[in-house]
Amino acid sequence: MNNAKIIEAIYFAGVRHKDQTRKGLGRIPYINHPIQVAKVLSDFGENDDDLIKSALLHDVIEDTTKNEKEIKELSNIILEKFGEIVLLTVLEVSDNKSLPVEERKKLQVVNTPKLSDSAKKLKIADKICNILDIKNDPPVNWSLKRKLSYLDWANKVVSGAKGVNKKLDHYFDQVYNETYSFLKKK
Ligand code: ZN
């Protein structure tokens, strides 16, 4: 593992997300999320440097750019600093924000089975972390119905990503089931 490059990816993502927090009452710094996604992958035996860097950077394009020009500029920086595989993986898991939310959600379900193995693993870890947040520090103003519908949608997306790391698949099911019963009990 090239520690210097991993640290650089953490630092780079931290700077990009510096003014952002997660959507919960806890006002958790946004950077905790990509770090947690990288940790989930690492916990389940994924230690490829490019995958871990991609996990750390997975939301910088989607959440820290405003238009095509900024996406291009940022893509060039990622390419230069972290290489082509990392850039392509990050792009694979980035939604096109110019599309309406419902359309983006549909596209994730349709496109996920076509992603690279790395992007599939990243997708699963990302959804695991988002569901854990819904359980532990839910987005402010989300109704029970909205939380449950997020879970159902995430489950659909992840079903198209399974088969590349069995233990990770299993952990997703566990987090999904636990959160589902937790929400239903309330
Ligand atoms: Zn994410």
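Preceding block: the structure.
For clarity, every value in this text was computed on a predicted model and none was experimentally measured. (Residues numbered from 1 in each chain as written. Predicted model: local features only at pLDDT ≥ 70, side-chain atom pairs only at ≥ 80, totals over all residues. Heavy atoms only, no water.)

Draft legend 1. Inspection of the coordination of the zinc ion at higher detail. For the zinc ion, the full set of protein donor atoms is H33 (NE2), H58 (NE2), D59 (OD) and D126 (OD), and the range of their distances to it is 2.1 to 2.4 Å. Of note, the zinc ion draws all its donor residues from one chain, in the sequence arrangement H-x24-H-D-x66-D. With H58 in the loop between α3 (49–57) and α4 (60–64) and D126 in helix α8 (residues 117–136), this residue pair connects regions lying 68 residues apart in the sequence. For H58, a relative accessible area of 1% gives the class buried. With a relative accessible area of 12%, D126 lands in the buried category. (Donors = N, O, S within 2.8 Å, 3.2 Å for Na, K, Ca; no water. Helix = DSSP H or I, 4+ residues; strand = E, 2+ residues; numbered from the N terminus. Buried < 20%, exposed > 50% of the residue type's maximum accessible area, 1.4 Å probe, protein only.)

Draft legend 2. The environment of K145, seen in detail. Structurally, K145 can be placed in helix α9 (residues 144–159). Along the backbone, K145 and N165 are 20 residues apart, and their C-alpha atoms lie at a distance of 30 Å.

Draft legend 3. Looking closely at the nonpolar core. With 47 residues, the main nonpolar core has L57, I78, I128 and I131 as its most contacted residues. Sort the elements by how many residues they give to this core and α8 lands first, with nine residues. Other than its neighbours up to four places away in sequence, L57 contacts A9, F12, A13, F82, V86 and V90. (Core = buried A, V, L, I, M, F, W, Y, C linked by side-chain atoms within 4.5 Å. Contact = heavy atoms within 4.5 Å.)

Draft legend 4. The side chain of D59, seen in detail. Tracing the chain through its elements places D59 in the loop between α3 and α4. No salt bridge is formed by the buried D59; its nearest oppositely charged neighbour, R22, is found at 5.1 Å. In contact with D59, not counting residues within four places along its chain, are H17, Y30, H33 and T64. (Lys, Arg positive; Asp, Glu negative; His and termini not counted. Salt bridge = Lys/Arg side-chain N within 4 Å of Asp/Glu carboxyl O.)

Draft legend 5. Local environment of the packing of helix α5 (residues 68–82) against helix α6 (residues 84–92). Orientation of α5 relative to α6, taken along the N-to-C sense of each, is 140°, at an axis distance of 7 Å. Here α5 lies oblique to α6, going by the angle between them. In this structure, α5 contributes S75, I78, L79 and F82 to the contact, and α6 contributes E84, V86, L87 and L91. (Axes fitted to C-alpha atoms, helices over the stretch in contact; angles between N-to-C directions. Parallel < 35°, antiparallel > 145°, perpendicular 65-115°, else oblique.)

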